[in-house]
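Single-letter residue listing:
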Amino acid sequence: MKILLIEDDREAAEYLERALNEAGHTVHVAGDGETGFTLADGGDYDVLIVDRMLPRRDGLSVVAGLRARGQRTPVLILSALGEVDDRVTGLRAGGDDYLTKPFALSELLARIEVLNRRVGAGDVETVYRAGDLELDRLSHTVRRAGKEIALQPREFRLLEYLMRHAGQVVTRTMLLENVWDYHFDPQTNVIDVHVSRLRGKIEKGFDKPLLHTVRGAGYMLKAG
């Protein structure tokens, strides 16, 4: 999933960002409500994790403002305020779930999976296909011609992004920003290495190539 974390506590934000990355998610972090609102309003996120007490603009105002603009991305509100009235206020502001601090990381991960699953039951695509290759975002599995292919978290995110844009040229910059969360070119061959490994895993033993290099432009996932 692509997740926006709006949290002003730097230590907590770094811990959650690292944990979510290790779980295979792409995470963007905003340290205040105003920045978070701008990113959420203009970004294509699967889930928003919003701390209730934020500088510049409080979390409930961020959520209410997004809902007023028609933004329907699932929101998990984090707060040290855990009374029933506090939780009700958060949900009525537009939150989809409310988690009281302190919390277990496993519970947070489970809750965002449930939020994403609820959306998956609607119009959001959760299974991507390109020819006989299939990626299931919810079960976190990849199969080709029915055969399961084991991928590392970064490889899964790379393939998910390529499959989202199947038939389109995906540039290095697009991959750096959306898979590695770099907003600069580190001038390394990290993309080439991962693409090569991914190509080997999804094409070894199969006749038709799927992952194509577009010379001077980037890469394209295309069946046939």
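The structure we're discussing is the one just above.
Remember, it's a predicted structure, so these values are computed and weren't measured experimentally.

Student: What is the right way to read a negative patch on the surface from this model?
Tutor: A contiguous patch of negative charge on the surface is contributed by Asp8, Asp9, Glu11 and Glu14. Residue placement: aspartate 9 occurs in the loop between strand E1 (2–6) and helix H1 (10–22).

Student: Looking at this model, I keep getting lost on the packing of helix H6 (residues 153–164) against helix H8 (residues 190–203). Mind explaining?
Tutor: Each packed pair of helices is defined by two parameters, the angle between the axes and the distance between the axes. For the pair H6 and H8, interaxial distance at closest approach is 10 Å and the crossing angle is 80°. Regarding the angle of H6 to H8, the classification is roughly perpendicular. Facing H6, whose interface residues are Arg154, Glu155, Leu158, Leu159 and Leu162, H8 presents His194, Val195, Arg197, Leu198, Lys201 and Ile202. Classifying every residue of the contact of H6 with H8 gives 6 nonpolar, 1 polar and 4 charged.

Student: Help me understand the packing of aromatic side chains in this model?
Tutor: The geometry of an aromatic ring pair comes down to the distance between the two centres and the angle between the two planes. Applying the stated criterion across every chain yields a total of 0 aromatic pairs. Sitting over the ring of tyrosine 45, lysine 2 keeps its end group 5.2 Å from the ring centre. Here the guanidinium or amino end of arginine 57 rests over the ring plane of phenylalanine 37, the centre of that ring lying 4.3 Å away.

Student: Help me understand the environment of asparagine 21, please; the structure alone is not making it clear to me.
Tutor: Considering the arrangement of structural elements, one finds asparagine 21 in helix H1. When sequence neighbours within four positions are dropped, the list of residues in contact with asparagine 21 reads Thr26, Val27 and Arg157.

Student: Would you mind going over the sheet that holds strand E3 (residues 47–51) with me for this structure?
Tutor: Within a sheet, adjacent strands bond to each other through the backbone by hydrogen bonds, running parallel or antiparallel. Here we have 5 strands laid out as an open sheet, ordered E2-E1-E3-E4-E5, and parallel in their pairing. On the outer flanks of this sheet lie strand E2 (26–30) and strand E5 (97–100), each paired with one strand and no other. If you compare each strand with its neighbour and ignore which way they point, the axes differ by 20° on average. Bridge count between strand E4 (residues 75–79) and E5: 4 bridges; the pairing is parallel.

What counts, and at which threshold
Residues numbered from 1 in each chain as written. Predicted model: local features only at pLDDT ≥ 70, side-chain atom pairs only at ≥ 80, totals over all residues. Heavy atoms only, no water. Patch = residues over 30% accessible without salt bridge, like charges linked within 9 Å, V, L, I, M, F, W, Y side chains within 5 Å. Areas by Shrake-Rupley, 256 points an atom, 1.4 Å probe, with all protein chains shown as cover. Salt bridge = Lys/Arg side-chain N within 4 Å of Asp/Glu carboxyl O. Lys, Arg positive; Asp, Glu negative; His and termini not counted. Charge placed at Lys NZ, Arg CZ, Asp CG, Glu CD. Helix = DSSP H or I, 4+ residues; strand = E, 2+ residues; numbered from the N terminus. Axes fitted to C-alpha atoms, helices over the stretch in contact; angles between N-to-C directions. Parallel < 35°, antiparallel > 145°, perpendicular 65-115°, else oblique. Contact = heavy atoms within 4.5 Å. Nonpolar A, V, L, I, M, F, W, Y, C, P; charged D, E, K, R; others polar. Phe/Tyr/Trp six-rings, centres within 6.5 Å; stacked < 30°, edge-to-face > 60°. Lys NZ or Arg CZ within 6 Å of the ring centre and 35° of its normal. Pairing = 2+ DSSP bridges.

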